[in-house]
Amino acid sequence: MLTPKDIAAMLDHSTLQPFLTDADIQRGCEIALKYHTASVCARPQDMALVSRILKDSGIKACTVIGFPHGAHRTDVKVYEAERALDDGCQELDMVMAIGKLKSGALEAVEADIRAVCQAAHQRGALVKVILETCYLSPDEIVRACALSEKAGCDFVKTSTGYGAYGARPEDVSLMRKSVSPRVRVKASGGIRDLDGFLSMYRAGADRAGVSATEAIMQEAERRFREGILEPSCIVK
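Caption draft 1: How the structure looks around the nonpolar core. Of all hydrophobic cores here, the largest spans 76 residues; its most connected members are Ile7, Val50, Met96, Leu131 and Phe197. Once residues lying within four places of it in the same chain are set aside, the contact partners of Phe197 are Ile7, Met10, Leu11, Ile191 and Ala208.

Right, dumping it as structure tokens:
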């Protein structure tokens, strides 16, 4: 049965807003440590602080690359990735070259992803490719998933949270069908409560990027105590 511990292990606690202070980042790490989330996803400039706070906790330090538009040059994305890895980052959420995909420049999109994946994998880090599904047709989502997997990604991810809209169950389901079991799916953007998380989980998400971690976990713990936390929802 799905438990609060299972849910926490699928959450990337997000601290990406531009106005957050060092104290806010530390508070975010404390929330992640309290519930033992999968990771803390913070801005590149915060990686040294996040890595230091999370050291030996089993919670991953995660950052974003080419964020939020995906339009950085590939060498800049690789440089950004390498500097994050130097600061202790263990997971990279990179934004795909969205405009290139929509232009049909598929080789360029694949090469961009592959370069970041190679830099990360050489140092034991994972890569999640953000597709920004709000800008893509269903056919483009399928194409982006195939290119991401071919390039060596570990996850495909719906959204930055800064696009026209965030994660939708139908997009998560399509992404899950469009990659092999080796590649996991992350939903992010607009997941503000437990029911929102569960809708993504049912659609096939293995991870969810959220900033509402406390609210989600408090509701999960309450329902679990009352025996009403998705009794038919079996952990994948």
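Caption draft 2: The layout of surface pockets, seen in detail. By volume, the largest pocket amounts to about 400 Å³. Lining the largest pocket are 22 residues; nearest its centre among them are Ser14, Gly161, Gly189, Gly190 and Ser211. Put simply, the parts of the chain that give the lining of the largest pocket at least two residues each are β7 (184-188) and β8 (207-210). Residues of the lining of the largest pocket, tallied by class, amount to seven nonpolar, 12 polar and three charged.

Caption draft 3: Region of the structure containing the sheet that holds strand β2 (residues 39-42). Pairing within the closed barrel is parallel, and its eight strands lie in the order β1-β2-β3-β4-β5-β6-β7-β8. Averaged over all neighbouring strand pairs, the angle between strand axes comes to 25 degrees, with direction disregarded. Across the sheet, helix α2 (residues 22-35) is in contact with β1 (11-15) and β2; its angle to β1 comes to roughly 165 degrees. Sitting on the sheet, helix α4 (residues 74-86) touches β3 (60-65) and β4 (91-95), and the angle it makes with β3 is about 160 degrees.

Caption draft 4: Representation of helix α8 (residues 169-178). Among all positions in α8, only Asp171, Val172, Met175 and Ser178 are buried. Axial view of α8: buried residues confined to an arc of 130 degrees, hence all on one face. Buried residues along α8 sit against α7 (138-151), β6 (155-157), β7 and α9 (194-203).

Caption draft 5: Focus on the pattern of salt bridges. Inspection of the entire model under this criterion finds 24 salt bridges. Here Arg207 and Glu91 are joined by a salt bridge, their closest N and O atoms 2.9 Å apart. One end of the pair, Arg207, is in strand β8; the other, Glu91, is in strand β4, and 116 residues separate them in sequence. We note that Arg207, like Glu91, is buried. Between Lys150 and Glu110 there is a salt bridge; the shortest N-O distance is 3.7 Å. Here Lys150, found in helix α7, pairs with Glu110, found in helix α6 (residues 106-121); they are 40 residues apart in sequence, far enough to count as distant. Overall, Lys150 belongs to the exposed group, its relative accessible area being 57%. Judged by its relative accessible area of 12%, Glu110 falls in the buried class.

Caption draft 6: Inspection of the side chain of Ser159 at higher detail. For Ser159, the position within the fold is in the loop between β6 and α8. Within the structure, Ser159 has its side chain in polar contact with the side chain of Thr158 (distance 3.1 Å). Ignoring sequence-local partners within four residues, the contact set of Ser159 consists of Ile130, Glu132, Thr133, Tyr165, Gly166, Ala167 and Ser188.

Caption draft 7: Seen up close, unusual backbone geometry. For the bond running from Phe67 to Pro68, omega is 0 degrees, close enough to zero to count as cis. Position of Pro68 relative to the elements: it lies in the loop between β3 and α4. Phi is positive for Asp56, close to 65 degrees, though the residue is something other than glycine. Exposure remark for Asp56: the relative accessible area of 75% places this residue in the exposed category.

Caption draft 8: Molecular detail of α2. With 14 residues, α2 ought to run about 20 Å at 1.5 Å a step, and its terminal C-alpha atoms sit 20 Å apart, in line with that. Buried residues of α2: Ile25, Gly28, Cys29, Ile31, Ala32 and Tyr35, and no others. On an axial view of α2, the arc spanned by its buried residues comes to 155 degrees, and they lie on one face. Among the exposed residues of α2, those pointing more than 90 degrees away from its buried face are Asp22, Ala23 and Lys34. For α2, the elements touching its buried residues are α1 (4-8), β1, β2, α3 (47-54) and α10 (213-225). Where α2 terminates, the next one or two residues include His36, which has phi positive at roughly 60 degrees.

Criteria and thresholds
Residues numbered from 1 in each chain as written. Predicted model: local features only at pLDDT ≥ 70, side-chain atom pairs only at ≥ 80, totals over all residues. Heavy atoms only, no water. Core = buried A, V, L, I, M, F, W, Y, C linked by side-chain atoms within 4.5 Å. Buried < 20%, exposed > 50% of the residue type's maximum accessible area, 1.4 Å probe, protein only. Contact = heavy atoms within 4.5 Å. 1 Å grid on protein atoms, 1.4 Å probe; cavity = no way out; pocket = protein on both sides within 12 Å on 5 of 7 lines; lining within 4 Å. Points joined across faces, edges and corners; volume = space filled by probe spheres on them. Helix = DSSP H or I, 4+ residues; strand = E, 2+ residues; numbered from the N terminus. Nonpolar A, V, L, I, M, F, W, Y, C, P; charged D, E, K, R; others polar. Pairing = 2+ DSSP bridges. Axes fitted to C-alpha atoms, helices over the stretch in contact; angles between N-to-C directions. Arc of directions from axis to C-beta. Salt bridge = Lys/Arg side-chain N within 4 Å of Asp/Glu carboxyl O. Polar contact = N/O pair within 3.5 Å; in protein donor to acceptor, adjacent residues only side chain to side chain. Expected span 1.5 Å × (residues − 1).

None of this, on its own, says anything about what the molecule does.
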